[in-house]
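# Residue-level structure breakdown
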Amino acid sequence: MLPAAIIGWDLAAAISLADALGVPPMAAAELLPAVEAVMVAKLNEQMEQSNG
């Protein structure tokens, strides 16, 4: 069995959510990829440690 991993977010949904919360879509499109990269790395690190 392969280990579980998170490979990314649904950025279209994240931008829609940001827009609904009043964040300009262009700002969300600029910032979310960087946030996504850090969150995916950290979540995978935590999952690896808990399965380790």
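Everything in this summary refers to the structure shown in the same document. Note that the structure is predicted; figures quoted are calculated from it, not measured.

Broken down by element type, the protein chain carries two helices and zero strands. Taking 2.2 N^0.38 as the reference for a compact globule, 52 residues should give roughly 10 Å; the C-alpha atoms of the protein chain span a radius of gyration of 14 Å, well beyond that estimate. Considered along the principal axes of its C-alpha atoms, the protein chain spans approximately 40 × 15 × 15 Å. For the protein chain, the proportion of its 52 residues judged to be buried stands at 12%.

An ideal rise of 1.5 Å per residue puts 39 Å on 27 residues; helix 2 (residues 25-51) measures up with 37 Å between its terminal C-alpha atoms. L31 marks the point of greatest bend in helix 2, at about 35°, and the proline P33 comes within the next four residues. Looking at helix 2, one finds that the buried residues are A28, L32, E36 and V40. Against the buried residues of helix 2 lie helix 1 (11-20).

This part covers helix 1. Two or three places before A12, at the start of helix 1, stands the capping residue D10, its side-chain oxygen 3.3 Å from that residue's backbone nitrogen. Following helix 1 by one or two positions, G22 has its phi on the positive side, about 95°.

So, on to the environment of I6. Positionally, I6 belongs in the segment before helix 1. Residues I6 and A41, 35 residues apart in the sequence, show an inter-C-alpha distance of 8.4 Å. Filtering out sequence-adjacent residues up to four positions away, I6 remains in contact with V40, L43, N44 and M47.

Bringing the side chain of E36 into the picture now. Structurally, the position occupied by E36 is in helix 2. K42 is the oppositely charged side chain nearest to the buried, salt-bridge-free E36, at an N-O distance of 16 Å. Filtering out sequence-adjacent residues up to four positions away, E36 remains in contact with G8, W9 and L11.

Calculation rules
Residues numbered from 1 in each chain as written. Predicted model: local features only at pLDDT ≥ 70, side-chain atom pairs only at ≥ 80, totals over all residues. Heavy atoms only, no water. Helix = DSSP H or I, 4+ residues; strand = E, 2+ residues; numbered from the N terminus. Rg over C-alpha atoms; globule rule 2.2 N^0.38 Å. Buried < 20%, exposed > 50% of the residue type's maximum accessible area, 1.4 Å probe, protein only. Expected span 1.5 Å × (residues − 1). Bend = angle between axes of the 7 residues up to and from the residue. Contact = heavy atoms within 4.5 Å. Polar contact = N/O pair within 3.5 Å; in protein donor to acceptor, adjacent residues only side chain to side chain. Lys, Arg positive; Asp, Glu negative; His and termini not counted. Salt bridge = Lys/Arg side-chain N within 4 Å of Asp/Glu carboxyl O.

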